[in-house]
Amino acid sequence: MSPAIIVVCVLGGLLLVAPGLIWVERRLLAVWQDRYGPNRAGPLGLLVVLADTLKLFFKEDWIPPFADKKVFVMAPAIVVITVLMSFVIVPFSPGFIVVDLNIGLLFFLAMSSMGAYSIILGGWASNNKYSLLGAMRGAAQMISYEVFMGLSLMGVVLITGSFSLHDIVEAQRNMWFVVPQFLGFVIFLIAGIAETHRLPFDIPEAESELIAGFHSEYSGMKFGMFFVGEYIGIMLISCMVTCLFFGGWLGPAFLPPIVWFILKMFAFIALFILLRASLPRPRYDQLMEFGWKILLPLSLLNVMVTAAIILWNENPQ
Amino acid sequence: MFSIIRTMWLTFLHMFHKRDTIQYPEEKAALPARWRGRIVLTRDPDMGERCVGCYLCAAACPVDCISLQATEDEHGRRYPAFFRINFSRCIFCGYCEEACPTYAIQLIPDFEMGEYVRQNLVYEKEDLLINSQGKYPGYNYYKVAGLAIDGKSKGEGDNELEPVDVHSLLP
């Protein structure tokens, strides 16, 4: 397949599925809260997606007079751009990958970290107390999880010997990395939730205490961009977990590889929503403490033990 | 850590619980018998209007949504010339029902009063008056009021005594 077709497929697929996740999330949340969720518009309430999107388009797109206009407009674009850029290196099935970078994993880490700028800039440009508080929390959260997020993946890289996601998936033919790298998986999952600012780590947003945190001043499609960015972020982290720890597209042959990939991805999206349905939000100093004092040493230990075992296997005394 | 996983598991199990939602237009919730919904004006057993236009409901109304004008027919029986309730103001507190001395104004368990035009929420007397005695069947105010009215003079009603002859009370 030519790269142009793949780019169009990935981009179109993502932008179509991202609003669909609104419906998935609302239905699943409802299921876990003994409700039905949106079930009126269209079959199973699916048209609620269309209604939501149309509503966002027709909302007044207002820039507060006290805001820093250029930065205010730029911030929502950054989150979408960085998250979409990260998808460049995700291998959906053998050959169905936009570009198989040999530093794929590093590219993903770099791009997803850039997403933090949209929160900080958006909160700063809004010129509003709560937005700034949210932005500050976003920054604090970012420096606490970003370190062990990278470190938690080093075990996988050590075993594979490559940063390319294609190679990482291929290396899991015998055993998914979730078995030898279980600690790494748990740490990466926690970091991934923090990365996408999902509950329970939606500290920069924190509806109940900061109204909506960094995007309280946003309306219309600019708010929609933050929303889309968040949902694509969920998909990105689900894709990464699938690729890195659950064998990507690998699976029994009765289903095509891409279907296995999508099934696994949606399982993790459902897990994200289950987390939202069940867990309360920690204070942001608690998250920082948890990150620096528990998860960082654990991920370092994980890297050391993995490296030691690999060395031992290569030249046993 | 264990408690987090337990929480998630218990939340997951809610998938198999019974839904709490009542799918409203198809299913209706069971309303309590004393539900305070739409306001109606009831009639007495002879199908006469119970309302005597005393203005107590309008006075009791905390949001001033009731307005009426009392008048009398040729027999001296009072009734409202117009009776208007603005339901876009009404808070369904039921004070009008409590204030009413003749059980005329009553709140019934009907809440489906949605309108597309706000003006339609203003109910006139013909919208409010129903052909029913409401919650107090058999009650007929003028039969127990001790008032001389068409076909009945003082002391002829139910539970009424003959008017006292004031001259007999002299010491």
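A quick note: this is a predicted structure, and the numbers were derived from the prediction, not measured.

What counts, and at which threshold
Residues numbered from 1 in each chain as written. Chains lettered and ligands numbered in written order. Predicted model: local features only at pLDDT ≥ 70, side-chain atom pairs only at ≥ 80, totals over all residues. Helix = DSSP H or I, 4+ residues; strand = E, 2+ residues; numbered from the N terminus. Rg over C-alpha atoms; globule rule 2.2 N^0.38 Å. Buried ≥ 20, exposed ≤ 12 C-beta atoms within 10 Å, placed from the backbone. Contact = placed C-beta atoms within 7 Å. Nonpolar A, V, L, I, M, F, W, Y, C, P; charged D, E, K, R; others polar. Pairing = 2+ DSSP bridges. Axes fitted to C-alpha atoms, helices over the stretch in contact; angles between N-to-C directions. Parallel < 35°, antiparallel > 145°, perpendicular 65-115°, else oblique. Expected span 1.5 Å × (residues − 1). Core = buried A, V, L, I, M, F, W, Y, C linked by C-beta atoms within 7 Å. Left-handed = near helix turned anticlockwise from the far one by under 90°.

Turning to the overall build of chain B, a few remarks are in order. Across its full length, chain B carries five helices and five strands. Traced from its N-terminal end to its C-terminal end, chain B shows the element sequence α-β-α-β-β-α-β-β-α-α. Here chain B has a C-alpha radius of gyration of 25 Å; the compact-globule value for 171 residues is 16 Å, and the former is much larger. Its C-alpha atoms give chain B principal-axis dimensions of about 95 × 45 × 30 Å. Across the 171 residues of chain B, 18% fall into the buried class.

On to the overall build of chain A. Looking only at helices and strands, chain A features eleven helices and zero strands. Put simply, chain A runs from its N terminus to its C terminus through helices and strands in the order α-α-α-α-α-α-α-α-α-α-α. Each principal axis of the C-alpha atoms in chain A carries an extent, and together these give about 70 × 45 × 40 Å. Here chain A holds 317 residues, and the buried ones make up 44% of them. Sequence-distant contacts in chain A: of pairs separated by 6 or more residues, those separated by 24 or more amount to 79%.

Attention shifts here to the interface of chain A and chain B. Facing the eleven residues of chain A at the interface are eleven residues of chain B. Of all the secondary-structure elements, those providing two or more residues to the side of chain A that touches chain B are helix H1 (3-32) and helix H10 (257-278) of chain A. In terms of residue count, H10 of chain A provides more of the side of chain A that touches chain B than any other element does, four residues in total. Here the residues of the side of chain A that touches chain B are counted per class, giving seven nonpolar, two polar and two charged.

Glancing now at the environment of Tyr284 of chain A. Along the chain, Tyr284 of chain A falls in helix H11 (residues 284-314). Considering only alpha carbons, one finds Tyr284 of chain A and Trp312 of chain A, 28 residues apart in sequence, at a separation of 40 Å.

Let us now look at the pairing of strand S2 (residues 66-72) of chain B. All names here are of chain B. Two strands pair when backbone bridges link them, and S2 and strand S3 (residues 78-86) are joined in this way by seven bridges, in the antiparallel orientation. Counted as the bridge partner of Ser67 is Arg84 from S3. In textbook terms, the turn of a hairpin is the stretch between consecutive antiparallel strands, and for S2 and S3 this stretch comprises five residues, one of which, Gly76, has a positive phi near 90°.

With that out of the way, let us pick up the packing of helix H4 (residues 104-125) of chain A against helix H5 (residues 129-160) of chain A. Residue and element names in this part refer to chain A. Running from amino to carboxyl end, H4 crosses H5 at an angle of 175°, the nearest separation of the two axes being 8 Å. With respect to H5, the element H4 is oriented roughly antiparallel. Contact residues: Leu105, Leu109, Ser113, Ala116, Ile119, Ile120, Gly122, Gly123 and Trp124 in H4; Ser131, Leu132, Gly134, Ala135, Gly138, Ala139, Met142, Glu146, Met149, Gly150, Leu153 and Val157 in H5. Residues belonging to the contact of H4 with H5 are distributed by class as follows: 13 nonpolar, seven polar and one charged.

All names here are of chain B. The backbone phi angle of Met47 is positive, close to 65°, even though this residue is not glycine. The exposure class of Met47 is exposed, given the 9 C-beta atoms found within 10 Å. Phi angles above zero are rare outside glycine, and Asp64 is one such case at about 55°. Relative to the helices and strands, Asp64 is located in the loop between helix H2 (56-60) and S2.

Note that Met304 of chain A resides in helix H11. Along the sequence, Met304 of chain A and Val259 of chain A sit 45 residues apart, while their C-alpha atoms lie 35 Å from each other.

So, on to helix H1 (residues 2-13) of chain B. Over its twelve residues, H1 of chain B runs 16 Å from end to end, which matches the ideal 16 Å to within 8%, given 1.5 Å per residue. Within H1 of chain B, only zero of the twelve residues are buried, which leaves the element largely exposed.

Relative to the elements of secondary structure, Thr7 of chain B occurs in helix H1. Taking the number of C-beta atoms within 10 Å as the measure of exposure, Thr7 of chain B has 16 and is therefore partly exposed. The spatial distance from the C-alpha of Thr7 of chain B to the C-alpha of Arg84 of chain B is 55 Å, given a sequence separation of 77 residues. Discounting chain neighbours no more than four positions away, the residues touching Thr7 of chain B are Ser278 and Leu279 of chain A.

In space, the three strands of this open sheet follow the order S2-S3-S5 (chain B), with antiparallel pairing throughout. The open sheet has two free edges, formed respectively by S2 and strand S5 (122-123) of chain B, since each of these has just one partner strand.

Before going further, it helps to spend a moment on the nonpolar core. One finds Phe188, Val241 and Leu244 of chain A to be the most contacted residues of the largest nonpolar core, which totals 85 residues. Broken down by element, this core gets its largest block of residues, 16 residues, from helix H9 (residues 220-245) of chain A. Other than its neighbours up to four places away in sequence, Val241 of chain A contacts Phe188, Leu189, Gly192, Phe246 and Phe268 of chain A. Ranked by size, the runner-up nonpolar core spans 21 residues in total, among them Ile39, Val40, Leu41 and Tyr142 of chain B.

Residue and element names in this part refer to chain A. At a closest axis distance of 8 Å, the pairing of H9 and H10 adopts a crossing angle of 120°. By the criterion of interaxial angle, the relationship of H9 to H10 is oblique. Here the hand of the crossing between H9 and H10 comes out right-handed. Counting all contacts with H9, which are made through Ile234, Met235, Ser238, Cys239, Val241 and Thr242, the residues of H10 involved are Phe261, Lys264, Met265, Phe268, Ile269 and Phe272. For the contact of H9 with H10, a count of residues per class yields nine nonpolar, two polar and one charged.

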